[in-house]
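What follows is each chain in one-letter form.
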Amino acid sequence: MSKRRFFLITLSFLIVIIGLRMLWFDYYHNQDYPRAKAGILDLRGLNLQEMKTIPLNGEWEFYPGTLSSPAELKSLSMKKQRQTIQVPGIWSESVSPVDHKAYGVGTYRLLI
């Protein structure tokens, strides 16, 4: 197989793959999905039978520096630590505001 033919086959393959990815991206991102606000995702009024997936994007509650159970999250002391964080997004500032380390622990919470 010549180099030119190999290049054309590879280029054609890449164009097809990128085209399919763009179609998929356009199909799933043009739907109007509800977004989480202040840790709550309200799905009332949606026909869930017609939807295949629902992105959980938006504002989630975040409790930095702790791995908590649902029972622990109900306590008043935990509510003082609550922050709102954008998902998807960068959480390192919430865990380590001074040096922005990407390592740490935290609990995400979203009520649906």
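For clarity, every value in this text was computed on a predicted model and none was experimentally measured.

Procedures and definitions
- Residues numbered from 1 in each chain as written.
- Predicted model: local features only at pLDDT ≥ 70, side-chain atom pairs only at ≥ 80, totals over all residues.
- Heavy atoms only, no water.
- Helix = DSSP H or I, 4+ residues; strand = E, 2+ residues; numbered from the N terminus.
- Salt bridge = Lys/Arg side-chain N within 4 Å of Asp/Glu carboxyl O.
- Buried < 20%, exposed > 50% of the residue type's maximum accessible area, 1.4 Å probe, protein only.
- Phe/Tyr/Trp six-rings, centres within 6.5 Å; stacked < 30°, edge-to-face > 60°.

A.B. asks: Which residues make up the environment of tryptophan 91, and what are the values?
C.D. replies: Of note, tryptophan 91 is situated in the loop between strand E2 (83-87) and helix H4 (92-95). Sequence separation of tryptophan 91 and glycine 106 is 15 residues, and the distance between their C-alpha atoms is 9.0 Å.

A.B. asks: Tell me about unusual backbone geometry, and please be specific about residues and values.
C.D. replies: Glycine aside, a negative phi is what most residues show, and trans is what most peptide bonds show. Residue proline 88 is bonded to the preceding valine 87 through a cis peptide linkage, with omega at -5°. Examined against the element boundaries, proline 88 turns out to sit in the loop between E2 and H4. Phi is positive for alanine 38, close to 55°, though the residue is something other than glycine. Its location among the elements puts alanine 38 in the loop between helix H1 (3-29) and strand E1 (58-64).

A.B. asks: How would you sum up the pattern of salt bridges? Please name residues and give values.
C.D. replies: The final tally for this structure, using the stated rule, is 3 salt bridges. Between aspartate 42 and arginine 44 there is a salt bridge, and its shortest N-O distance comes to 2.9 Å. Here arginine 109 and glutamate 61 are joined by a salt bridge, their closest N and O atoms 3.4 Å apart. Of the two residues, arginine 109 sits in strand E3 (residues 106-109) while glutamate 61 sits in strand E1, which places them 48 residues apart along the sequence. Take glutamate 61: its relative accessible area is 7%, and that puts it in the buried class. Shared partners join several salt bridges into a network, and the residues in it are Glu61, Arg82 and Arg109.

A.B. asks: Residues and numbers for the packing of aromatic side chains, please.
C.D. replies: A full pass over the atoms with the stated rule returns 2 aromatic pairs. With 6.0 Å between their ring centres and 85° between their planes, tryptophan 60 and tyrosine 108 make a pair best called edge-to-face. Of this pair, tryptophan 60 sits in strand E1 while tyrosine 108 sits in strand E3, and the two are 48 residues apart along the sequence. Given a relative accessible area of 15%, tryptophan 60 falls into the buried group. Relative to tyrosine 108, the ring of phenylalanine 62 lies with its centre 4.9 Å away and its plane at 55°, an arrangement referred to as tilted. Of the two residues, phenylalanine 62 is situated in strand E1 and tyrosine 108 in strand E3; the sequence distance between them amounts to 46 residues. Of the residues examined, phenylalanine 62 reaches a relative accessible area of 0% and is grouped as buried. Three or more aromatic residues joined by ring pairs make a cluster, and in this case those are Trp60, Phe62 and Tyr108.

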